[in-house]
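Understanding the architecture of this molecule
One-letter residues, chain by chain:
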Amino acid sequence: MPLRRERTRSETKLDWADEVEQAIPSLLDSAKKKNKGDKKKEGDGEPAAKKKKKEKKAVVDPSAKVEEEVKEKGAFRKIFYKPTEATLNMPKKDMLEFQEKHKMNLTGRLAEIYKPIQDFDDYSTDPKIMSVVKDFLKPTAIQSQCWPIISSGRDIIGIAETGSGKTLAFSLPALPHILHRYDNPVPGLPAGPIMLVLSPTRELAMQSQVVLEEAGKASEIRSVCCYGGVPKWQQKQSLRWGVEAVVATPGRLKDLVQMGCLNLRGVSYLVLDEADRMLDQGFERDIRQIVGETHKGRQTALFSATWPDSVRQLAHSFLNRPIKVTIGSEDLAAGTRITQIVEVVEDRAREGMLVKLLNKYHSSRKNRVLIFVLYKKEAARVEQTLKRSGWNACSIHGDKSQDQRTLAVEQFKSGEVPLLVATDVAARGLDIPGVDFVINYSFPLTIEDYVHRIGRTGRAGREGTSHTFFQTCDKLRAGELVKVLKDANQEVPESMNDFDLCIKKKEHKLYGAFGPKDHLGPMKKATKITFD
């Protein structure tokens, strides 16, 4: 069915200069005070030449910089946000207290003019756009700060822990952008998606698409999820029917573009979700090729749980003067709502200890418990062991087909099967608020995966508990694990002191110890030198 929407000319004809004057009264007042102060200094007996120089510096009006910032540029309209009186009148003291409470840090050009919103009505009162948050009381910290920035047309970098609401932070501002593009088509652009979300794993892509589908339901915005492991015909059919948003993994999206099923030249809203994970999986070349296919005047949002050099270089390549919003630490940090318990155990003792933990944490046989293992064969073995012992369990790992993996996740979400054994494919893809306990049967290969594993519990403001088995073979991660525990104010078991707690500095993947340093930014591209 064709989409029916009413167009209002008043929405497109806005006086942005008036909006700027309303949005930054504090900056204008400070400029006037500065001008008065300079006039008082004119009678100090200074040489005329020096007076003229000072007067020229004082004439600079900060509103001119902000007008330049909020002025619409390029082929697409990107500004859809107008601060309310409550947001404009927020004292600077309250704003600093809010940022300090949530350990929030903003960097970037004119980042100080974007005040966080306190309520959903401060962002938008359109029922079609805000219908997805009708069951929530207030926006999360990452949402309250990111929504005004994204809807003001700025590129953004969001660094926050898992379970902080990053998916809705970039999905909700996309709705007015898509609606305006649909009602006001840009001449010369081919038919295709307006919004593109790149995700590292199938599970995370499916989860993001569920949120985006729910958010766009009232606005009749169509979306499709494209990922590998399943036949292409159904995804190709959805693309032929027409969609406004595409959520995809890099590999499958690249295949669809090469087959001519998808044209990305009209993408004006690009999201790189869990960018650190995509780079770890070796998708950098695919990402660069995909981003090169999108429109140059696009708006880009990059979200990640950490801020390593590789992600920094990616942001430097694709984002235009972004504002970086950091919730918590740029380094790896676990959620403070999660109680972390670590036990040093022997390999053969793990099965017996797992049964004891299930009798303790899963005595009702109804609450959800997520068990993480390291290898696919180990996942199948633990699942069969639990089933033979009378536990209702299922598993998700790479040896299972996509249909089997989807069925296992759905059974776990509904509570039909309350025990799920999973490898790290589920470490970043499951957003199930009802997970009470996470058990790390095997410690992961990296500390980043550990943080994302335990982040499956304690979501949406709830409390959670993680229980980890640490073996002698995991000793190389001992120092990093102790640091994560101390940073989250968790108890460190005395048996961990038997290991070497030194943390080896991470080296550049290509250049080793000669790679770029943190304070120098990304490494410059090599240039060929020729001699005469």
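Fair warning: this is a prediction, and the values are worked out from it, not measured in the lab. (Residues numbered from 1 in each chain as written. Predicted model: local features only at pLDDT ≥ 70, side-chain atom pairs only at ≥ 80, totals over all residues. Heavy atoms only, no water.)

**Re the packing of helix H12 (residues 202-215) against helix H20 (residues 402-414)**
So the rule is basically this: Helix axes use the C-alpha atoms of the stretch in contact, all axes being lines fitted to C-alpha atoms, and the angles between their N-to-C directions lie in the range 0 to 180 degrees. Secondary structure elements are defined from DSSP: runs of H or I of at least 4 residues count as helices, runs of E of at least 2 residues count as strands, and each element is numbered from the N terminus. Here the angle decides the label: under 35 degrees means roughly parallel, over 145 means roughly antiparallel, 65 to 115 means roughly perpendicular, and every other value means oblique. Handedness of each helix crossing follows the sense of rotation of the near helix against the far helix: counterclockwise by less than a right angle gives left-handed, clockwise gives right-handed. Contacts are assigned to residue pairs that have any heavy atoms within 4.5 Å of one another. Polarity classes work like this: nonpolar for Ala, Val, Leu, Ile, Met, Phe, Trp, Tyr, Cys and Pro, charged for Asp, Glu, Lys and Arg, and polar for all others, with Gly in that last group.
In the contact formed by H12 and H20, the axes pass within 12 Å of each other and the chain directions differ by 55°. Our classification of the angle between H12 and H20 gives oblique. Considering only the axes of H12 and H20, their crossing is right-handed. Touching Arg-202, Glu-203, Met-206 and Gln-207 of H12 are Gln-402, Arg-405, Thr-406 and Lys-413, all from H20. Grouping the amino acids of the contact of H12 with H20 by side-chain chemistry returns one nonpolar, three polar and four charged.

**Here we look at the sheet that holds strand S4 (residues 223-226)**
Sheet strands pair by backbone hydrogen bonding; their relative direction is either parallel or antiparallel. We apply this condition: Pairing between two strands requires that DSSP report at least two bridges joining them.
Ordered in space as S1-S8-S2-S7-S6-S3-S5-S4, the eight strands form an open sheet in which the pairing is mixed. What marks the edges here is a single partner per strand, and that holds for strand S1 (104-107) and S4. With strand direction ignored, the average angle separating the axes of adjacent strands in the sheet is 15°. Here four bridges tie S1 to strand S8 (residues 323-327), and the two strands are oriented antiparallel to one another.

**Comments concerning the packing of helix H16 (residues 284-293) against helix H17 (residues 309-318)**
It is at 12 Å that the axes of H16 and H17 come closest, and there the two elements cross at 15°. Considering their axes alone, H16 and H17 lie roughly parallel with respect to each other. Of the two possible hands of crossing, H16 and H17 adopt the one that is right-handed. Contacts between H16 and H17 involve Ile-287, Arg-288 and Val-291 from the former and Gln-313, Leu-314, Ser-317 and Phe-318 from the latter. Broken down by class, the residue content of the contact of H16 with H17 amounts to four nonpolar, two polar and one charged.

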